[in-house]
Amino acid sequence: MQPLPTEIVMLALGVVLLLLQLFLQSISSTVEMGGDYKAGPRDDARLLRGIFAGRADRAFRNLLETFPMFAALALALVVTGRNGGLGALGAQVWVVTRMLYVPLYFIQIPFARSLVWFVSIFALVAMLVRLFQ
């Protein structure tokens with residue numbers, strides 16, 4: 001059995017991160033809004049007002065903004081046979097920075113979260129560059 005390409009392994013880890021952030025967001029918003037509201041139709045829209053639930057929600061939504069690009073690039077690299085090298089490094093950096101993003105959002109170190117976000121975007125660009133090499 002051949003080992004999986006790095007990009008596919010990183011994609012799987014990205015899915016794990018996505019699921020963990022989904023649970024974090026869901027559980028924290030349920031604690032804040034109540035189980036009855038979350039189990040109901042939510043016809044009366046409510047805003048998250050608590051710091052923890054709000055940050056969990058915003059961090060999750062931020063991940064959703066770039067995850068589709070990451071998934072598409074990881075799959076494109078493997079399908080085209082351009083995996084490895086800069087593409088694999090970009091995939092690894094994207095996963096690591098997205099893992100760092102969440103705790104940085106919660107502990108509020110000025111500019112650190114923004115820097116990590118920028119590096120994750122740069123990692124996507126590296127994957128794109130590798131796709132066209």
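Colleague: Just checking my understanding: could you explain unusual backbone geometry for this structure?
Modeller: A negative phi holds for most residues other than glycine; trans holds for most peptide bonds. Phi is positive for R42, which is not a glycine, with a value near 55 degrees. Counting through the fold element by element, R42 comes out in the loop between α2 (35–39) and α3 (51–79). Among the residues examined, R42 registers a relative accessible area of 43% and is labelled partly exposed. Positive phi is not limited to glycine here, since F111 has a value of about 70 degrees. In this fold, F111 is placed in the loop between α4 (85–107) and α5 (112–131).

Colleague: What is the right way to look at a nonpolar patch on the surface in this model?
Modeller: There is a patch of nonpolar side chains on the surface, built from L86, L89, L115, W117, F118, V119, F122, V125 and V129 and spanning about 810 Å² of accessible area. If you list the elements that add at least two residues to the nonpolar patch, you get α4 and α5. No other element matches the seven residues that α5 contributes to the nonpolar patch. Residue classification places L115 among the exposed positions, given a relative accessible area of 53%.

Colleague: Help me out: how do you make sense of α3 in this one?
Modeller: Note that an α-helix has 3.6 residues per turn; residues three or four places apart therefore point the same way. End to end, α3 covers 42 Å across 29 residues, agreeing with the expected 42 Å (1.5 Å per residue, within 8%). Within α3, the axis deviates most sharply at T66, by approximately 35 degrees, and proline P68 lies no more than four positions further along.

Colleague: Can you help me understand the nonpolar core in this one?
Modeller: Note on soluble globular proteins: their nonpolar side chains tend to be buried together. Membership of the largest hydrophobic core comes to 19 residues, with the highest contact counts inside it found for L11, F67, F70, W94, L124 and M127. Mapped onto this core, the elements with two or more residues apiece are α1 (6–33), α3, α4 and α5. In terms of residue count, the dominant contributor to this core is α3 (eight residues). In this view, L11 contacts F67, F70, A71, A74 and L75; residues no more than four positions away in its chain are not counted. In terms of nonpolar packing, the next biggest core, distinct from the first, is built from six residues, A59, Y101, L104 and A112 among them.

Colleague: Looking at this structure, how should I read the packing of α1 against α3?
Modeller: Axis angle and axis distance: for two packed helices, these are the angle between their axes and the distance between the axes, and together they describe the pair. Packing of α1 against α3 brings their axes to within 9 Å, and their N-to-C directions diverge by 160 degrees. Taken together, the axis directions place α1 and α3 in an arrangement best described as roughly antiparallel. The way α1 lies across α3 gives a crossing that is left-handed. Split into classes, the residues belonging to the contact of α1 with α3 amount to 22 nonpolar, five polar and four charged.

Colleague: Is there a simple way to explain the packing of aromatic side chains in this structure?
Modeller: To describe a pair of aromatic rings, you give the distance between the ring centres and the angle between the ring planes. For the structure on display, the rule yields five aromatic pairs. Summarising the aromatic geometry, the rings of F67 and F70 are spaced 6.3 Å apart at their centres and angled 50 degrees between planes, so their arrangement reads as tilted. Here F67 and its partner F70 are both found in helix α3, three residues apart, which amounts to about one turn of the helix. Relative accessible area serves as the criterion here: at 11%, F67 is assigned to the buried category. The buried category is assigned to F70, whose relative accessible area is 0%. Plain terms: the ring middles of F67 and W94 are 6.1 Å apart, the flat faces sit at 50 degrees to each other, and that makes the pair tilted. With a gap of 27 residues between them, F67 in helix α3 and W94 in helix α4 connect regions that are remote in the sequence. Taken together through their ring pairs, the aromatic side chains of F67, F70 and W94 make up a single cluster. Note that R98 overlies the ring of Y101, its terminal NZ or CZ placed 4.4 Å from the centroid. Of note, R113 hangs over the ring of Y105, and the distance from its end group to the ring centre comes to 4.1 Å.

Rules behind the numbers
Residues numbered from 1 in each chain as written. Predicted model: local features only at pLDDT ≥ 70, side-chain atom pairs only at ≥ 80, totals over all residues. Heavy atoms only, no water. Helix = DSSP H or I, 4+ residues; strand = E, 2+ residues; numbered from the N terminus. Buried < 20%, exposed > 50% of the residue type's maximum accessible area, 1.4 Å probe, protein only. Patch = residues over 30% accessible without salt bridge, like charges linked within 9 Å, V, L, I, M, F, W, Y side chains within 5 Å. Areas by Shrake-Rupley, 256 points an atom, 1.4 Å probe, with all protein chains shown as cover. Salt bridge = Lys/Arg side-chain N within 4 Å of Asp/Glu carboxyl O. Expected span 1.5 Å × (residues − 1). Bend = angle between axes of the 7 residues up to and from the residue. Core = buried A, V, L, I, M, F, W, Y, C linked by side-chain atoms within 4.5 Å. Contact = heavy atoms within 4.5 Å. Axes fitted to C-alpha atoms, helices over the stretch in contact; angles between N-to-C directions. Parallel < 35°, antiparallel > 145°, perpendicular 65-115°, else oblique. Left-handed = near helix turned anticlockwise from the far one by under 90°. Nonpolar A, V, L, I, M, F, W, Y, C, P; charged D, E, K, R; others polar. Phe/Tyr/Trp six-rings, centres within 6.5 Å; stacked < 30°, edge-to-face > 60°. Lys NZ or Arg CZ within 6 Å of the ring centre and 35° of its normal.

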